[in-house]
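Descriptive structure summary
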Amino acid sequence: MEENRGVWVFIEVNEGRIEDVSLELLGAGRKLADKLNVPLSGILLGYGVKDLACQVIYSGADAVYVTDQPILKHYRTEAFMKAVIQLAEKYRPEIFLYGATPNGKDLASAVATDLSTGLTADTTMLDVDVDKRLLEASRPAFGGNIMATILCKKHRPQMATVRPKVMKALEPDISRKGSIIEEDLNLKEEDMRTKVLEIVKNVTKKTNLAEAHVIVAGGKGLGDLQGFQLIHELADTIGASVGASRDVVEAGWLPHEYQIGQTGETVTPKVYFAIGISGAIQHVVGMKNSELIIAINKDPKAPIFDVATYGIVGDAHEIIPKLIQQFKEIGREKGGEINYA
């Protein structure tokens, strides 16, 4: 393990652009690499992706390993796994981070199996023990009731998938300099057991909480499905998106796509209303990075107030109608309906 040095980030590309989570991981990886006094590198795989290497440098990397080959045009587990393993065995990183996207999770688990190393899934916090050179990957466990820090003491690279929106990307710095290393890997189409015949995009319209600027989220504190309608009314009044806690989804009040938290979406809106939500870790990890958090709960000791910017102690059934009235009056004063989002 003494030969393993450096922090790597898998750079996921989709339709010619780098996924936001990869840029977020470069920001997190930069901190880890600086603590360990090692370089931060991006692993850029695909076809026609060379021009994206500079963006990786600008976003915090010291080096980018680029493999630009037709066989990597579309994501396939086997092709990308073989590419990553060849690079990892050649350069021997000590830490390797992936976005917890469908492709990132698929690739990380395949690579971990082939390299016989550990993998922490859906990480929400990262740090390092500098003396022991151990990655401290933390994530909620036991239904979100505790935070578990997972270590990989005996194998390298130490690997983790990290949820989108929980880390912060660095501001791009076009003055940054770095190395771009092109790697022509031994990848043959005849060795691949799958082919991409067609990509069909899902055109089903659904909510996109990850991109919302204002979210009104409700919990079981609303009492029942009828009480939860107040969340929809407030959201409609201010032009916000609706979100929910796990309890609401499990009760059948909303589909899973509205769930915010460890087993749902991670969001970072400008304004987040947490109404009737107690503030369990499972939910908080999915929204704690919101710019402004407004909590409404009748329990003054509810954990949600620990992360809230502003808190209102009281019955949501009494408070929400007053908020709706106030917002509507502001809209009329401004000469019409206002979209606060």
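Each remark here, short or long, concerns the structure printed above.
Residues numbered from 1 in each chain as written. Predicted model: local features only at pLDDT ≥ 70, side-chain atom pairs only at ≥ 80, totals over all residues. Heavy atoms only, no water.

Looking at the packing of helix H3 (residues 77–91) against helix H4 (residues 102–115)
Look at H3 against H4: their axes get within 9 Å of each other, and the N-to-C directions meet at 50°. On the basis of their axis angle, the class for H3 and H4 is oblique. With respect to the hand of their crossing, H3 and H4 are arranged in right-handed fashion. Within the contact between the two elements, H3 uses Thr77, Phe80, Met81, Val84, Ile85, Ala88 and Glu89 and H4 uses Asp106, Leu107, Ala110, Val111, Asp114 and Leu115. For the contact of H3 with H4, the class distribution of residues is nine nonpolar, one polar and three charged. (Axes fitted to C-alpha atoms, helices over the stretch in contact; angles between N-to-C directions. Helix = DSSP H or I, 4+ residues; strand = E, 2+ residues; numbered from the N terminus. Parallel < 35°, antiparallel > 145°, perpendicular 65-115°, else oblique. Left-handed = near helix turned anticlockwise from the far one by under 90°. Contact = heavy atoms within 4.5 Å. Nonpolar A, V, L, I, M, F, W, Y, C, P; charged D, E, K, R; others polar.)

A short note on the nonpolar core
Core analysis: the largest hydrophobic core is formed by 32 residues, its most contacted members being Val7, Leu26, Leu44, Leu97, Leu126 and Leu135. Here the element with the most residues in this core is helix H1 (residues 20–36); it accounts for seven residues. Excluding residues within four positions of it along the chain, leucine 44 makes contact with Ile11, Val13, Val49, Leu52, Ala53, Val64, Tyr65, Val66 and Thr67. One finds Leu45, Val84, Ala88 and Tyr98 within the second-largest nonpolar core, a separate group that totals 27 residues. (Core = buried A, V, L, I, M, F, W, Y, C linked by side-chain atoms within 4.5 Å. Buried < 20%, exposed > 50% of the residue type's maximum accessible area, 1.4 Å probe, protein only.)

Notes on the pairing of strand S9 (residues 134–141)
S9 sits mainly inside the fold: six of its eight residues count as buried. Taken together, the five bridges between strand S8 (residues 125–129) and S9 define a ladder with antiparallel strand orientation. Each bridged residue has a counterpart across the sheet, and for leucine 126 the counterpart in S9 is alanine 137. Here S9 pairs with strand S10 (residues 146–150) via five bridges, running antiparallel. Paired with serine 138 across the bridge in S10 is threonine 149. (Pairing = 2+ DSSP bridges.)

Details of the pattern of salt bridges
Opposite charge on two side chains lets them pair, provided their charged atoms get close. Going through the model one piece at a time under the given rule, you end up with 13 salt bridges. Aspartate 127 is paired through a salt bridge with lysine 35; the nearest N and O atoms lie 2.7 Å apart. Of the two residues, aspartate 127 is situated in strand S8 and lysine 35 in helix H1; the sequence distance between them amounts to 92 residues. Classification of aspartate 127 as partly exposed rests on a relative accessible area of 28%. Connected via shared salt-bridge partners are Arg30, Asp34, Asp62 and Arg176. (Salt bridge = Lys/Arg side-chain N within 4 Å of Asp/Glu carboxyl O.)

Considering the sheet that holds strand S16 (residues 292–297)
Within the open sheet, the five strands sit side by side as S14-S13-S15-S16-S17. Their pairing is parallel. The open sheet terminates on both sides in strands that have one partner only, identified here as strand S14 (241–244) and strand S17 (310–313). Going across the sheet, the axis of each strand differs from the next one's by a mean of 15°, ignoring polarity. Pairing analysis gives four bridges linking strand S13 (residues 214–218) to S14, with the strands arranged parallel.

Concerning the environment of glutamate 198
Among the secondary structure elements, glutamate 198 is positioned in the loop between strand S12 (179–182) and S13. The class of glutamate 198 is exposed, set by a relative accessible area of 65%. In this structure the C-alpha to C-alpha distance between glutamate 198 and proline 157, which are 41 residues apart in sequence, comes to 34 Å.

Brief notes about the sheet that holds S9
A sheet is described by the order of its strands in space; here three strands give the open sequence S8-S9-S10, paired in antiparallel fashion. At either margin of the open sheet sits one strand with a lone partner, and together these are S8 and S10. Mean inter-strand twist for the sheet, computed between neighbouring axes without regard to direction, equals 30°. H1 contacts S8 and S9 of the sheet and is inclined by roughly 10° relative to S8.

Description of the environment of isoleucine 319
As for its placement among the helices and strands, isoleucine 319 is situated in helix H8 (residues 316–333). Along the primary structure isoleucine 319 and asparagine 297 are separated by 22 residues, whereas in three dimensions their C-alpha atoms are 9.9 Å apart. Excluding anything up to four places from it in sequence, isoleucine 319 contacts Ile296, Ile312 and Gly314.

Concerning the pairing of strand S6 (residues 95–99)
Taken across its five residues, S6 has five buried, putting it largely inside the fold. Where strand S1 (residues 7–11) meets S6, three bridges bridge the pair, whose relative direction is parallel. Residue pairing in the sheet places valine 9 in a bridge with leucine 97 of S6. Sheet analysis places S6 next to strand S11 (residues 158–162), joined by five bridges and oriented parallel. Residue isoleucine 95 lies in a different strand from S11, and its bridge partner there is glutamine 158.

With respect to unusual backbone geometry
Geometrically, the link from arginine 156 to proline 157 is a cis peptide bond, its omega value of 0° lying close to zero. Mapping proline 157 onto the fold places it in the loop between S10 and S11. Despite not being glycine, arginine 92 shows a phi value in the positive range, around 55°. Note that arginine 92 resides in the loop between H3 and S6.

Observations regarding the packing of helix H5 (residues 225–238) against H8
Running from N to C, H5 and H8 cross one another at 20°; their axes reach a closest spacing of 10 Å. Looking at the two axes, H5 sits roughly parallel to H8. Helix-helix and strand crossings are classified by hand; for H5 and H8 the assignment is left-handed. Taking contact as the criterion, the partners of Gly227, Leu230, Ile231, Glu233, Leu234, Thr237 and Ile238 in H5 are, on H8, Ala316, His317, Ile320, Pro321, Leu323, Ile324, Phe327 and Lys328. Residue classes in the contact of H5 with H8 are distributed as 10 nonpolar, three polar and two charged.

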